[in-house]
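Secondary and tertiary structure notes
Residues per chain are reported as follows:
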Amino acid sequence: MASSAGHNILKFRAPPAQPVDASARDDDGDWQLIERIGRGDAPAFEVFYKRYRRYLERFVYQVTRRQELVDDVINEVMLAVWQQAARTERLALASTWLLGIANFKSLQAMRKLGITRGSDGSMDEGSGDDSLAQRELEQDNLLNVALRHLSPEQRAAMELVYFHGLHYQDIAKVMDCPENTVKTRIFHARKRLREVWPQLSGEQAGTSE
Amino acid sequence: MTKQSDTSTMNASFPHQEFSELLPFYVNGTLGDAERAALDEHLRGCLTCRAELAGEQRLMQAFRSSDAEQQVADDGFERVMARVRGSAAQPPSAWRRWGRRSVQHAVRRVAMVAMLAGVMFGIAHMQGRVGLVEQSFHTLSQDRGSVVGADVLYVAFDAQASMAAIKDALATVKGDVVSGPNRDNVFTVRVPASEVATAVDTLKARSGVKFAAPAAPGAAP
């Protein structure tokens, strides 16, 4: 039987954020906008910007976990959209294309802060801001606390699978890496999360083989 | 107890971890029919994966309930447009794309010309027709006529070679740059007259050096 502590520790915020449903997006409309942006159409660019700004805010923050970077990274992402729109081929959903740019720019921003790659190809940013982690713990935002124990690349992969609901093939496109790397990266991220957040392991159900 | 089924060939060949790696995609609903069926089969017999599945569902709920806290400035679009309006941020029009390709092609052409020049020089030298090669270089070096002597070399570097690498390479042969680089990245370099042959061999052995040869007809080696 689950302990009461085990149940109490899983408090989620209300109201729930809207998860991303890629199929609900107007992909044709997005690509029409991108085509117009490629011709230097500023009003189309503004529509695209406003359509995707909030979408990017969350993703960039989840990858970097650094509020001070979000504005600048989104600025870089949107500038890249403007510059690349004319030569971008429609090989994926527009949102997937945009996430690929956002992932690259987020990791690039982290590297500029001196955060280096680990031996597994991911980046290690150290222990982070303990006081902020403590505040989040007090606010029962356990996911945010747990995510601090992952590398930026692991956080990106987790966000893409659990919030954006992408298949591993699409995540591989976004992260520009092999599919097996995606699966392995998420596997190790889940393992790490279970270490710092044992309730995720499902052990309260008393299950073991 | 793990069951095996002829409906799932994956179960016979997949180790446990590979099924575990599929669990996140099981809960987010993106697995294909075959993978989902195989995982269903595996889950029926694997208590560990069933426990992990419950954790996966909690994790997805946590992500989708989490409100990542961030505040982005309202003037974000204006700031992007300010950069867009800068000269360096114009959208690539057809002629600008052509220009970019042209630059890339030009770089490749320079590298090819330098390499071909080295090959031609070597062939011509072996055939005793250095003068022909010398003539071809005459168009690449503005002041060549005034500096060519027995102690002068032509040295071409990779287009990607850094200035530090070039300086280092020339220092190893006590070389002084007389002129260059020309448009094909060829330097005219003076070395001690008694060390011309050694300098050529030394430079040829270095990475980043496309070719190195005496500039004067009949000079050693």
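Residues numbered from 1 in each chain as written. Chains lettered and ligands numbered in written order. Predicted model: local features only at pLDDT ≥ 70, side-chain atom pairs only at ≥ 80, totals over all residues.

1. A closer look at the overall build of chain B
Helices and strands together make up the secondary structure of chain B, namely ten helices and four strands. When the helices and strands of chain B are listed from N to C terminus, the series reads α-α-α-α-α-α-α-α-β-α-β-β-α-β. Per-residue burial for chain B yields a buried fraction of 33% across its 221 residues. Excluding contacts between residues fewer than 6 apart, the proportion of contacts in chain B whose partners are at least 24 apart in sequence is 69%. (Helix = DSSP H or I, 4+ residues; strand = E, 2+ residues; numbered from the N terminus. Buried ≥ 20, exposed ≤ 12 C-beta atoms within 10 Å, placed from the backbone. Contact = placed C-beta atoms within 7 Å.)

2. Let's talk about the overall build of chain A
Each helix and strand counted, chain A has ten helices and two strands in total. What you see in chain A, going N to C, is helices and strands ordered as α-α-α-α-α-β-β-α-α-α-α-α. For chain A, the share of sequence-separated contacts (at least 6 apart) that also reach a separation of at least 24 residues comes to 66%.

3. Here we look at the pairing of strand β3 (residues 186-190) of chain B
All names here are of chain B. Here β3 lies mainly inside the structure; four of its five residues are buried. Where strand β1 (residues 152-157) and β3 come together, five bridges link them in antiparallel fashion. Residue V152 lies in a different strand from β3, and its bridge partner there is R190. Pairing of strand β2 (residues 176-179) with β3 involves three bridges; the strand directions are antiparallel. (Pairing = 2+ DSSP bridges.)

4. Describing the sheet that holds β3 of chain B
All names here are of chain B. Across the sheet, which stays open at both edges, the four strands sit in the order β2-β3-β1-β4 with antiparallel pairing between neighbours. Taken across any chain shown, the strands that pair with only one partner, and hence form the sheet edges, are β2 and β4 (209-214). Each neighbouring strand pair of the sheet contributes to a mean axis angle of 35 degrees, computed without reference to strand direction. (Axes fitted to C-alpha atoms, helices over the stretch in contact; angles between N-to-C directions.)

5. Concerning the confidence of the model for chain A
All names here are of chain A. Mean pLDDT over chain A: 77, with 70% of residues reaching 70 or higher. Per-residue pLDDT, averaged within each element of chain A, yields its smallest value for helix α1 (residues 4-8) (33) and its largest for helix α9 (residues 168-175) (94). Across residues 1-17 the pLDDT falls below 50, and counting only partners more than four positions away or on other chains, this stretch makes 22 contacts in the model. Counting contacts from residues 118-122, a segment whose pLDDT is below 50, to residues more than four positions away or on other chains yields eight contacts. (pLDDT = per-residue confidence, 0-100.)

6. Overview of unusual backbone geometry
Most peptide bonds take the trans configuration, and most residues that are not glycine carry a negative phi. Despite not being glycine, D176 of chain A shows a phi value in the positive range, around 55 degrees. With respect to the helices and strands, D176 of chain A occurs in the loop between α9 and α10 (179-196).

7. Observations concerning the packing of helix α2 (residues 27-38) of chain A against helix α3 (residues 42-64) of chain A
Between two packed helices, what matters for the description is the angle formed by their axes and the separation of those axes. Residue and element names in this part refer to chain A. It is the contact of α2 with α3, at a shortest axis distance of 8 Å, that shows an interaxial angle of 140 degrees. As far as their axial angle goes, α3 and α2 are oblique. Crossing geometry of α2 relative to α3 is assigned as left-handed. Two secondary-structure elements touch here, α2 through L33, R36 and I37 and α3 through A44, F45, V47 and F48. The residue inventory of the contact of α2 with α3, partitioned by class, reads six nonpolar, no polar and one charged. (Parallel < 35°, antiparallel > 145°, perpendicular 65-115°, else oblique. Left-handed = near helix turned anticlockwise from the far one by under 90°. Nonpolar A, V, L, I, M, F, W, Y, C, P; charged D, E, K, R; others polar.)

8. Quick notes on the environment of F187 of chain A
Here F187 of chain A lies in helix α10. Note on F187 of chain A: 18 C-beta atoms within 10 Å, which makes it partly exposed. Taking the C-alpha atoms as reference, F187 of chain A lies 9.4 Å from Q154 of chain A; in sequence the two are 33 residues apart. Contacts of F187 of chain A, omitting those with residues within four sequence positions, involve Q17, S20 and E21 of chain B.

9. Digging into the packing of helix α4 (residues 67-84) of chain A against helix α5 (residues 76-84) of chain B
One way to put it is that α4 of chain A packs onto α5 of chain B with a least axis distance of 9 Å and a crossing angle of 50 degrees. Between α4 of chain A and α5 of chain B, the angle falls in the class oblique. The two elements α4 of chain A and α5 of chain B cross, and the hand of that crossing is right-handed. On the side of α4 of chain A, the interface is formed by D71, I74, N75, M78, L79 and W82 of chain A, while α5 of chain B contributes G76, R79, V80, R83 and V84 of chain B. Classifying every residue of the contact of α4 of chain A with α5 of chain B gives six nonpolar, two polar and three charged.

10. What about the environment of T88 of chain A?
Structurally, T88 of chain A can be placed in the loop between α4 and α5 (94-112). Ignoring sequence-local partners within four residues, the contact set of T88 of chain A consists of I34 and W97 of chain A.

11. Comments concerning α3 of chain A
All names here are of chain A. The end-to-end C-alpha distance of α3 is 29 Å, clearly below the 33 Å that 23 residues give at a rise of 1.5 Å each. Largest kink in α3: about 45 degrees, centred on Y52. Directly beyond the C-terminal end of α3, a positive phi value near 55 degrees is found at R65. (Expected span 1.5 Å × (residues − 1). Bend = angle between axes of the 7 residues up to and from the residue.)

12. Some details on the environment of G76 of chain B
Relative to the helices and strands, G76 of chain B resides in helix α5. In contact with G76 of chain B, other than residues within four places in its own chain, are R53, D71, I74 and N75 of chain A.

13. A few points about the nonpolar core
Among the nonpolar cores identified, the biggest contains 71 residues, and V60, A157, V161 and I171 of chain A are the most heavily contacted of them. Sequence-distant contacts of I171 of chain A, that is, excluding residues within four places in its chain, are made with A157, L160, V161, L166 and V182 of chain A. (Core = buried A, V, L, I, M, F, W, Y, C linked by C-beta atoms within 7 Å.)

14. Describing the confidence of the model for chain B
Residues and elements named next belong to chain B. For chain B, the average pLDDT comes to 71, and 57% of its residues sit at 70 or higher. Here residues 1-8 scores under 50 on pLDDT; set against residues more than four positions off or in separate chains, the count is 14 contacts. Of the two predicted TM-score estimates for the complex, the pTM is 0.56 and the ipTM is 0.74.

15. Considering helix α2 (residues 16-27) of chain B
An ideal rise of 1.5 Å per residue puts 16 Å on twelve residues; α2 of chain B measures up with 17 Å between its terminal C-alpha atoms. By the burial criterion, the buried members of α2 of chain B are F19, S20, E21, L22, L23, P24, F25 and V27 of chain B. Buried-residue contacts for α2 of chain B involve α8 (152-163), α9 and α10 of chain A together with α3 (33-45) and α4 (47-65) of chain B. Positive phi shows up at G29 of chain B, right after α2 of chain B, with a value of about 75 degrees.

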